[in-house]
Amino acid sequence: RKEVEQDPGPFNVPEGATVAFNCTYSNSASQSFFWYRQDCRKEPKLLMSVYSSGNEDGRFTAQLNRASQYISLLIRDSKLSDSATYLCAVNIYSNYQLIWGAGTKLIIKP
Amino acid sequence: NAGVTQTPKFRVLKTGQSMTLLCAQDMNHEYMYWYRQDPGMGLRLIHYSVGEGTTAKGEVPDGYNVSRLKKQNFLLGLESAAPSQTSVYFCASSPGLAGEHYEQYFGPGTRLTVT
């Protein structure tokens, strides 16, 4: 089993809809969690950190479920510009590395 | 504040040639990383550094060497390029333990083709 797993998609979603996807992690010692966005042929960019209490930034909401060991990303009122690949990353306490998921591809259709 | 920069942006090498990729960050970050990204493979860590003068191997270090002589720079070397090293290379930096922040910030990438 991979340490961090994501549904590769693609998720095809009409503009204006709400979409959510999850990222599961296997190490219960994981402490920090992040969502990144990567556009085609570009670098990953930090979208948001995921805190125990959840995190909201405009149309984006991230949540952490420690009991079931997954993080989620919810996008409301999706825009064409939200089309991208969304990567999750997990840090295990005192480890210097982030463990990366392979990404979920999201396509927003007009 | 340029963040993380990488040079060159594109490069074509012939098998057996050598080259150095340069990464620079102006955020005074402690940690720096080199990744490669291939279609369907996700990000794979090549080498990383937790401070000036230190380096460590990541998941796929073979065929690469690194150096971090200055805190702001992290160099990735290919001594004898092979077609299997055709990839997109990303550099990243992170504040690290200094602020207990482990999020990473990426450079724009270098597209390398080895023929």
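Just so it is clear, the model here is predicted, and its values are computed rather than measured. (Residues numbered from 1 in each chain as written. Chains lettered and ligands numbered in written order. Predicted model: local features only at pLDDT ≥ 70, side-chain atom pairs only at ≥ 80, totals over all residues. Heavy atoms only, no water.)

(A) Structural context of the packing of aromatic side chains. Considering all chains together, one arrives at 15 aromatic pairs over all chains under this definition. Residues Tyr33 of chain B and Tyr48 of chain B carry aromatic rings whose centres are separated by 6.3 Å and whose planes lie at 25° to one another, so their mutual orientation is stacked. Taken as a pair, Tyr33 of chain B in strand β4 (residues 31-38) and Tyr48 of chain B in strand β5 (residues 42-49) lie far apart in primary sequence, 15 residues in all. Each member of the pair, Tyr33 of chain B as well as Tyr48 of chain B, carries the same accessibility label: buried. With 5.7 Å between their ring centres and 35° between their planes, Tyr35 of chain B and Phe106 of chain B make a pair best called tilted. On the criterion of sequence distance, the pair formed by Tyr35 of chain B in strand β4 and Phe106 of chain B in strand β10 (residues 105-106) is long-range, its members being 71 residues apart. The pair formed by Tyr35 of chain B and Phe106 of chain B is uniform in burial state, with each residue classed as buried. Linked through ring pairs, Tyr36, Tyr96 and Trp100 of chain A together with Tyr31, Tyr33, Tyr35, Tyr48, Phe90 and Phe106 of chain B together constitute an aromatic cluster. (Phe/Tyr/Trp six-rings, centres within 6.5 Å; stacked < 30°, edge-to-face > 60°. Helix = DSSP H or I, 4+ residues; strand = E, 2+ residues; numbered from the N terminus. Buried < 20%, exposed > 50% of the residue type's maximum accessible area, 1.4 Å probe, protein only.)

(B) Layout of the sheet that holds strand β1 (residues 4-7) of chain B. Residues and elements named next belong to chain B. Strand order in the open sheet formed by four strands is β1-β3-β8-β7, and the pairing between neighbours is antiparallel. The sheet is open, and its two borders are formed by β1 and β7 (64-67), each paired with just one other strand. Here the average twist between neighbouring strands, direction ignored, is 20°. As defined by bridge partners, β1 adjoins strand β3 (residues 19-25) across four bridges and the pair is classed as antiparallel. Residue pairing across strands places Gln6 opposite Cys23, the latter belonging to β3. (Pairing = 2+ DSSP bridges. Axes fitted to C-alpha atoms, helices over the stretch in contact; angles between N-to-C directions.)

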